[in-house]
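What follows is the residue order along each chain.
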Amino acid sequence: MTKSESAGTAKSNAGTARSETVETDAGTARITWHPAKKKARLVLAVSHGAGGGIEARDLQALAAELPAHGVTVALVEQPWRVAGKKVAPAPKTLDVGWRGLWPALTKPGLPVIAGGRSAGARVACRTAGELGAAAVLALSFPLHPPGKPEKSRADELLGAGVPTLVVQGGNDPFGRPAEFPADGAYELVEIPFGDHSFAVPKRADIGQDEAVKRITDAVARWAGMLGA
């Protein structure tokens, strides 16, 4: 069950953004919709990680760019974040929140790409099959905790069961591109020099704007091929 927030609508680079709250078994979540500028053919639903919100540079860039490609972007805030808590709950609770949001995400009647960054990417992978996601977008997938490659989460990524795009920073301590399984049924795009938040150092061969553009270009290209 959803209800529009009293904040109403707000202008954004992607057009008119509209927020709504959604009641889930994990608490009240929030979706900020960035509608496609032309006839929408997909919904890209992306959630944040365990250490930040939808203000992340990659999520904001996708919300600004993808609507021009016929993709409605839904930025999802998990209940813990809406409640103002600083620490994310256990993975199973994140899954509960995501499941509760799904009916609202499918309400437009379009195929939904389940996505997220970091912990949000894990949620999308774990639940894609049961929820009927058309595909998965995994931004900065945390393949393992920093410095602990033996604690791999590759099974979550490989178990998504739908077309999957991984966008990974070249210097991500949670898993560099070369560490990912070579035989996985997914596509991986590397953002050179990028860390877990896709920040690039000043000494890098590419600037921050170029790094972000590579993310949006990769996602727009991949989304354009879905269902083709």
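The sections below set out a description of the structure shown in this document. Just so we're clear, the structure is a prediction, and the values are computed from it rather than from any experiment. (Residues numbered from 1 in each chain as written. Predicted model: local features only at pLDDT ≥ 70, side-chain atom pairs only at ≥ 80, totals over all residues. Heavy atoms only, no water.)

Attention now goes to the environment of Ser152. Along the polypeptide, Ser152 turns up in the loop between β7 (135-139) and α5 (154-158). As for Ser152 and Pro142, which are separated by 10 residues in sequence, their C-alpha atoms are 8.8 Å apart. If sequence neighbours within four positions are ignored, Ser152 has contacts with Leu143 and His144. Polar side-chain contacts of Ser152 include one of 3.1 Å to the backbone nitrogen of Ala154. (Helix = DSSP H or I, 4+ residues; strand = E, 2+ residues; numbered from the N terminus. Contact = heavy atoms within 4.5 Å. Polar contact = N/O pair within 3.5 Å; in protein donor to acceptor, adjacent residues only side chain to side chain.)

As for its position among the elements, Asp58 is in helix α1 (residues 57-65). A polar contact of 3.0 Å, which involves the side chain of Asp58, links it to the side chain of Arg117. Leaving out residues up to four positions away in the same chain, Asp58 has contacts with Arg117, Leu139, Phe198 and Ile215.

A few words on the packing of aromatic side chains. Applying the stated criterion across every chain yields a total of 2 aromatic pairs. Ring centres of Trp98 and Trp102 lie 6.2 Å apart, and the angle between their planes is 50 degrees; this geometry places the pair in the tilted category. Remark: Trp102 and Trp98 occur in helix α3 (residues 91-106); sequence separation between them is 4 residues, near one turn of the helix. With respect to class, Trp98 is no different from Trp102; both count as buried. Each ring, one from Phe141 and one from Phe180, has its centre 6.5 Å from the other, and the planes form 65 degrees; the classification is edge-to-face. Pair noted here: Phe141 is in the loop between β7 and α5 and Phe180 is in the loop between β8 (164-169) and β9 (187-191), with a separation of 39 residues, a long-range link. (Phe/Tyr/Trp six-rings, centres within 6.5 Å; stacked < 30°, edge-to-face > 60°. Buried < 20%, exposed > 50% of the residue type's maximum accessible area, 1.4 Å probe, protein only.)

This part takes up the nonpolar core. If you look at the biggest cluster of nonpolar residues, it comprises 36 residues, and the most contacted ones within it are Ile31, Trp98, Leu101, Trp102, Leu105 and Phe141. For this core, the secondary structure elements donating two or more residues are β3 (27-34), β4 (42-47), β5 (71-77), α3, β6 (112-117), α4 (119-131), β7 and α5. The greatest single-element share of this core, amounting to 7 residues, is contributed by α4. Those residues in contact with Leu105 that lie beyond four places of it in its chain are Ile31, Trp33, Val43, Ala45, Ala74, Val76, Trp98 and Val112. (Core = buried A, V, L, I, M, F, W, Y, C linked by side-chain atoms within 4.5 Å.)

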